[in-house]
Amino acid sequence: MAKSLPVLFRSALYAFRGGFLIRPFVIALTLGAAGAVLSSLEEQTPAIGSFVPEVLFPSHADPQVAQAILTDIATSIMTVVAIVFAILLMTLTLASTQFSPRILISFIRDRVTQWTLGVFLGTFCYCIAALPAARSLPYPFVPVATVMGAMLLAPVCVGWLIYFIHHISNAISVNHIVDRIRRETELVIDEVMPDQRRPLQLDEAVGAFPEKLEFLIASRQSGYIRVVDIQRLRSLANAYRVCLRLERRVGHFVPEGVALMKVSRGDRITEECALQLLAAIDIGPARTMQQDVEFGIVQIVDIALRAISPAVNDPTTAITCVDQLSCILIRWVGRAPPRRYFYDPPHVLRVVIPRISFNGLLDLAFEQIRHYSVADAAVSLRLMRALGDIASTVGEPTIRLRLLDRGKQLIAGCAGHLQEGDLERLRQRLSLLESGIAMED
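All values reported here derive from a predicted model rather than from experimental measurement.

Regarding its fold elements, the protein presents 15 helices and eight strands. Burial analysis of the protein (441 residues in total) assigns 47% to the buried set. Of the roughly 21100 Å² of accessible surface on the protein, 62% is carried by carbon and sulfur atoms.

Following this line, the structure appears as structure tokens:
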């Protein structure tokens, strides 16, 4: 099924920012073209080589020396590339087994790793592209400036390798992993919810369709909803004079043949129209962070659950995850809720997009951790503190009461699992949360 141009452009841009294919390939192609162009330009204008001092490259007339330098640098770089890939695969395996397989997307999107592969492959391509210019027949020629460029790239690669090893050693730290996921999730929140929440802001008014939604459009492929082009859906609904509602939100899995949207006036929807509507939704085999705020939370929760499992028993990592989850929820409650109802013209409801509520997001972030940490005083205390931190940043009474209810559920779940002293500390933090809400009210 063909995608619409905005969806294709967004997917291509996301692929350019992440993955081991596009950015390293562009860097390698650029450096390879630079080697070919510079050697060709130097052959056409031999005076360029005279600018290189003989102290740095004394063999201006011996092409065999130039060939040996380019060949040695190219072979050495490929050896280093093999080392880089070995380090990278070891890192991915370690992160997948120790933390969660879902965090691999963060490592793949790491720009330092992409630039490392690109610089090394680019240096190899540079040497290979410049190597044919250094020849003895039909007349001796030495691309002095080009060889000098390869000699400068070699120490750059060595320095970059040292930096890459330092970066990887930090990247496999759980604090850096969770912090990176949190920052990526906050960027998604900034994009999906760009407006700041106003004091006592009311929920979006519920729109009513003028007609019943009786026609079902089924998904033509199985996968996760990654991107929804809302503007495209609204313009198509207006053009076809229909109303539609998505049945699954971003991040949900849709099997092939299951209804993806409901549409009014099915007599106006031809097969081509249905394909146009489906093309505004990108479905793929794995979830991404393009519009999926929940996916970032799921990754951090996975790390926390594995940390508090009896096999690992690492409450400090779980506490770190709770801290970062509280930052995400604070960012969420500080923004105006994302729009669900879209009109075109202004008073005609055309598209409804399902969104997760704050209550659902709170359950997604804390409920599983609360359930599996009922016997861990440190994690439970940090959960209570996180609820207090979130409550201190929001002014809506309904949200603060929900946070208070979560605190009461936390204590109820820990009763019978923790010692009385730990339960008393939890009650004290709950009383601080309750008194803070009462004073603000």
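Here the focus is the packing of aromatic side chains. Taken as a whole, this structure holds two aromatic pairs when the rule is applied. On the basis of an interplanar angle of 85 degrees and a centroid distance of 6.4 Å, the ring pair of W160 and Y163 is categorised as edge-to-face. Of the two residues, W160 and Y163 both sit in helix α6 (residues 144–171), three residues apart, roughly one turn of that helix. Measuring from centroid to centroid gives 5.1 Å for Y224 and F253, while their planes differ by 70 degrees, and the two rings are edge-to-face. Within this pair, whereas Y224 is found in strand β2 (residues 223–228), its partner F253 is found in strand β4 (residues 253–254), the two being separated by 29 residues in sequence.

Moving on, we come to the environment of P140. Mapping P140 onto the fold places it in the loop between α5 (111–130) and α6. In sequence terms P140 and P63 are 77 residues apart; their C-alpha atoms lie 6.6 Å from each other.

This part is about the sheet that holds strand β6 (residues 281–284). The strand order β4-β2-β6 describes an open sheet built from three strands, whose pairing is antiparallel. A single partner strand is all that each edge strand has here, and the edge strands are β4 and β6. In terms of strand pairing, β2 meets β4 through two bridges, oriented antiparallel. Bridging from a neighbouring strand, G223 pairs with V254 of β4.

The next thing to look at is the nonpolar core. Counting residues in hydrophobic clusters, the biggest one holds 88 residues, and the most contacted among them are I303, W332, F358, F366, I369 and L426. It is helix α3 (residues 63–98) that provides the largest number of residues to this core, a total of 12 residues. Setting aside anything within four residues of it in sequence, one finds W332 in contact with I189, M193, R197, V293, P338, I356, F358 and L361. V228, L260, M261 and L277 belong to the second-largest nonpolar core, a separate cluster that totals 27 residues.

Analysis parameters
Residues numbered from 1 in each chain as written. Predicted model: local features only at pLDDT ≥ 70, side-chain atom pairs only at ≥ 80, totals over all residues. Heavy atoms only, no water. Helix = DSSP H or I, 4+ residues; strand = E, 2+ residues; numbered from the N terminus. Buried < 20%, exposed > 50% of the residue type's maximum accessible area, 1.4 Å probe, protein only. Areas by Shrake-Rupley, 256 points an atom, 1.4 Å probe, with all protein chains shown as cover. Phe/Tyr/Trp six-rings, centres within 6.5 Å; stacked < 30°, edge-to-face > 60°. Pairing = 2+ DSSP bridges. Core = buried A, V, L, I, M, F, W, Y, C linked by side-chain atoms within 4.5 Å. Contact = heavy atoms within 4.5 Å.

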